[in-house]
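These are the residues of each chain, in order.
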Amino acid sequence: MKLADALNVDDLRRMARRRLPKILYDCIESGTEGEQLLTRNERSFDRYRLMPRYGLDVSARDAGTELFGRRWGQPFGLAPTGFAGLFRRGADGMLARAAARADIPYVLSGASVADLEDVVAQAPAHVWYHLYAAKDVRISEDIVRRARDAGVQHLVVTVDNPVFPKRERDMRNGFALPLKLRPSILAEMLLHPAWILEYLRAGGLPTMGVWQRYAPAGATPAEVGAFFRTQSPAIQTWRELAHLRSLWPGKFLIKGVQHPDDALRAVECGFDGIIVSNHGGKVFDALPSPLETLPAVRAAVPRGIPVMMDSGVRRGTDILVARALGADFVFVGRATLYGVVAGGEAGADRAVALLADEVHRALAMIGCPRAADLDGRFLFTDSQVGSRPATPPGPTPGS
Ligand SMILES: Cc1cc2nc3c(=O)[nH]c(=O)nc-3n(C[C@H](O)[C@H](O)[C@H](O)COP(=O)(O)O)c2cc1C
């Protein structure tokens, strides 16, 4: 299948699966324990339909969205996905440049194999940095300093993995860094020549650029990875989080919060935005889906503090549903990762373009030409079946 033939995110997912050895594709797809949450995340959107309104001029549509004093091209941005460069060499730079072209933010993962300074230089106005706090606070402090010196726009800290997740699928596959080339894994890899050639041509396992300087001198890429594992996950209490917050002069977001009390605590600590997330189902299978907890978090947090969400977004309509439920902004993780794995930079562009097109199409269908005007009145749920739906702004009988 060619990129131009990919009509939706799921097509890109299938293309990515064909390109990657199973052990790596599973690493993107995997959840934890029984992997119920992956389905729950995606299914949570099905509980909401979008109510159509017709008879309006929707020829000009505006998906632009205000966030942190700036207007972004779309109501969505790209969530941090660690080790993207292992799935496709240079993926972080490709995703950052694709985000810049669409005028949306790209959050570079703290577990990336790219260099923070290098990726920021490729898209200076669009890169945010996601911090995986280190057990050694001096490392976290230094990374925050580097992010500031590099000109990172905003910082994000993830709090939803106090312990390393139990990813049974990856464990069963024998996924470890460096990849241990057991005969079964080697055979699988040889069936995916595009990936293995790229991997070998680039010299094998890539180094975690940001972490390299903190590992012992002369550490191999595998040793840098092992060093990262000794530092992360780090237990972060509100005291440590408040300390991190104090180091960063700009906007600082907290990711992974689901309880309204935690969201409020984060605001008290000085965080400027909340990303309601369950890490795309990759940390703990018993968690609620963010779409289920979003409304309560939105209700608890003062209006001026943006509440965002991710996990399970595969369609433009999912983005609008989340917005209508109160999300100020939405992030996608796997959707654009599939794109970049499937087709490099053009694939990243394709993923963003497919989602953006679906957003525009849906805005027209519901008679809401401005994404900024979306609210709960555009939603239709099971509880409304057979009764009069809410009336969003639009044509009223006799007008
Ligand atoms: C392969 C992969 C790596 C990820 N790495 C990180 C990470 O380093 N830090 C983080 O906060 N979230 C990470 N996430 C979670 C994403 O930021 C995001 O929360 C999640 O992908 C959203 O769900 P979705 O994939 O269903 O869109 C990762 C997700 C995937 C799929």
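Structure first, text after, so check above.
Residues numbered from 1 in each chain as written. Predicted model: local features only at pLDDT ≥ 70, side-chain atom pairs only at ≥ 80, totals over all residues.

Caption draft 1: The overall build of the protein chain, seen in detail. Each helix and strand counted, the protein chain has 16 helices and 12 strands in total. Over its C-alpha trace the protein chain gives a radius of gyration of 21 Å, about what one expects of a compact globule, namely 21 Å for 399 residues. Taken along the three principal axes of its C-alpha coordinates, the protein chain extends 75 × 50 × 40 Å. Looking at the protein chain as a whole, 47% of its 399 residues are labelled buried. Long-range pairs, those at least 24 residues apart, make up 70% of the contacts in the protein chain between residues at least 6 apart in sequence. (Helix = DSSP H or I, 4+ residues; strand = E, 2+ residues; numbered from the N terminus. Rg over C-alpha atoms; globule rule 2.2 N^0.38 Å. Buried ≥ 20, exposed ≤ 12 C-beta atoms within 10 Å, placed from the backbone. Contact = placed C-beta atoms within 7 Å.)

Caption draft 2: Quick look at the packing of helix H5 (residues 91-102) against helix H16 (residues 334-365). The contact between H5 and H16 brings their axes to 10 Å, and the two run at 20°. One finds that H5 runs roughly parallel with respect to H16. The way H5 lies across H16 gives a crossing that is right-handed. Residues Ala-91, Met-94, Leu-95, Arg-97, Ala-98, Arg-101 and Ala-102 of H5 touch H16, and the partners they reach there are Thr-336, Val-340, Gly-344, Glu-345, Ala-348, Asp-349, Val-352 and Ala-356. By residue class, the composition of the contact of H5 with H16 is 9 nonpolar, 2 polar and 4 charged. (Axes fitted to C-alpha atoms, helices over the stretch in contact; angles between N-to-C directions. Parallel < 35°, antiparallel > 145°, perpendicular 65-115°, else oblique. Left-handed = near helix turned anticlockwise from the far one by under 90°. Nonpolar A, V, L, I, M, F, W, Y, C, P; charged D, E, K, R; others polar.)

Caption draft 3: Geometry of the nonpolar core. Within the largest apolar cluster, 115 residues are counted, with the highest numbers of intra-cluster contacts made by Leu-95, Val-127, Leu-155, Ile-274 and Val-330. Counting residues per element, this core draws most heavily on H16, which supplies 14 residues. In contact with Val-127, other than residues within four places in its own chain, are Ala-96, Tyr-106, Leu-108, Val-119, Val-120, Val-152 and Gln-153. (Core = buried A, V, L, I, M, F, W, Y, C linked by C-beta atoms within 7 Å.)

Caption draft 4: Structural detail: the environment of Glu-223. If you trace the backbone, Glu-223 turns up in helix H11 (residues 221-231). Residues Glu-223 and Gln-212, spaced 11 residues apart in sequence, show a C-alpha to C-alpha distance of 9.1 Å.

Caption draft 5: Representation of the site of the ligand. Around the ligand sit 24 residues in total, of which Ala-79, Gly-82, Gly-280, Gly-333 and Arg-334 are the nearest. Of the residues that constitute the shell around the ligand, the class distribution is 7 nonpolar, 13 polar and 4 charged. (Near = placed C-beta within 6 Å.)

Caption draft 6: Molecular detail of the pairing of strand E8 (residues 252-257). Counting buried positions over the 6 residues of E8 gives 6, a clear majority of the element. Summarising the sheet, strand E7 (residues 155-158) and E8 pair through 4 bridges and their orientation is parallel. The residue of E8 that forms the bridge with Thr-158 is Lys-255. Here E8 runs beside strand E9 (residues 273-276); their pairing, made up of 4 bridges, is parallel. Looking at E9, one finds that Val-257 is bridged to Val-276. (Pairing = 2+ DSSP bridges.)

Caption draft 7: Geometry of the pairing of strand E11 (residues 329-332). Here E11 shows a buried face lined by Phe-329 and Phe-331 and a second buried face lined by Val-330 and Val-332. When strand E4 (residues 76-78) meets E11, the two strands line up parallel, connected through 3 bridges. Each bridged residue has a counterpart across the sheet, and for Phe-76 the counterpart in E11 is Val-330. As paired elements, strand E10 (residues 307-309) and E11 share 2 bridges and run parallel to each other. Along E11, the bridge assignment pairs Met-309 with Val-330. With respect to chirality, the unit in which E10 leads through helix H15 (residues 316-324) into the neighbouring parallel E11 is right-handed. (Right-handed = clockwise from strand over helix to strand, strands pointing away.)

Caption draft 8: A look at unusual backbone geometry. Cis geometry is adopted by the peptide bond preceding Pro-233, which originates at Ser-232 and carries an omega value of 5°. Secondary-structure assignment places Pro-233 in the loop between H11 and helix H12 (238-247). Of note, Phe-83 is a non-glycine position whose phi angle comes to about 60°, a positive value. Summarising the element assignment, Phe-83 is placed in the loop between E4 and helix H4 (84-87).

Caption draft 9: Molecular detail of H11. Every buried residue of H11 is listed here: Val-224, Gly-225 and Phe-228. Viewed end-on, H11 has its buried residues packed into an arc of 100°, placing them on one side of the element. Counted as exposed and oriented over 90 degrees from the buried face of H11: Arg-229 and Thr-230. (Arc of directions from axis to C-beta.)

Caption draft 10: Broad picture of the packing of helix H1 (residues 9-19) against H16. Where H1 contacts H16, the two axes come as close as 10 Å, and the packing angle between them is 170°. With respect to their mutual orientation, H1 and H16 come out roughly antiparallel. Residue-level contacts link Val-9, Leu-12, Arg-13, Met-15, Ala-16 and Arg-19 of H1 to Ala-335, Tyr-338, Gly-339, Val-341, Ala-342, Gly-347, Arg-350, Ala-351 and Leu-354 of H16. Within the contact of H1 with H16, the residues separate by chemical class into 10 nonpolar, 2 polar and 3 charged.

Caption draft 11: Summary view of the environment of Met-365. With respect to the helices and strands, the residue Met-365 is situated in helix H16. According to the C-beta neighbour criterion, Met-365 is partly exposed, with 16 such atoms within 10 Å. Spatially, the C-alpha atoms of Met-365 and Pro-52 are 5.7 Å apart, while their sequence positions differ by 313 residues. Leave out the neighbours within four places in its chain, and Met-365 touches Leu-50 and Pro-52.

Caption draft 12: A look at helix H2 (residues 22-29). For H2, the buried fraction is high: 6 of the 8 residues fall into the buried class. The inward-facing, buried residues of H2 contact H1, H4, helix H8 (168-173), helix H9 (183-190) and H16.

Caption draft 13: Region of the structure containing the environment of Ser-387. Assignment of secondary structure puts Ser-387 in the segment after strand E12 (379-381). Residues Ser-387 and Arg-70, spaced 317 residues apart in sequence, show a C-alpha to C-alpha distance of 39 Å.

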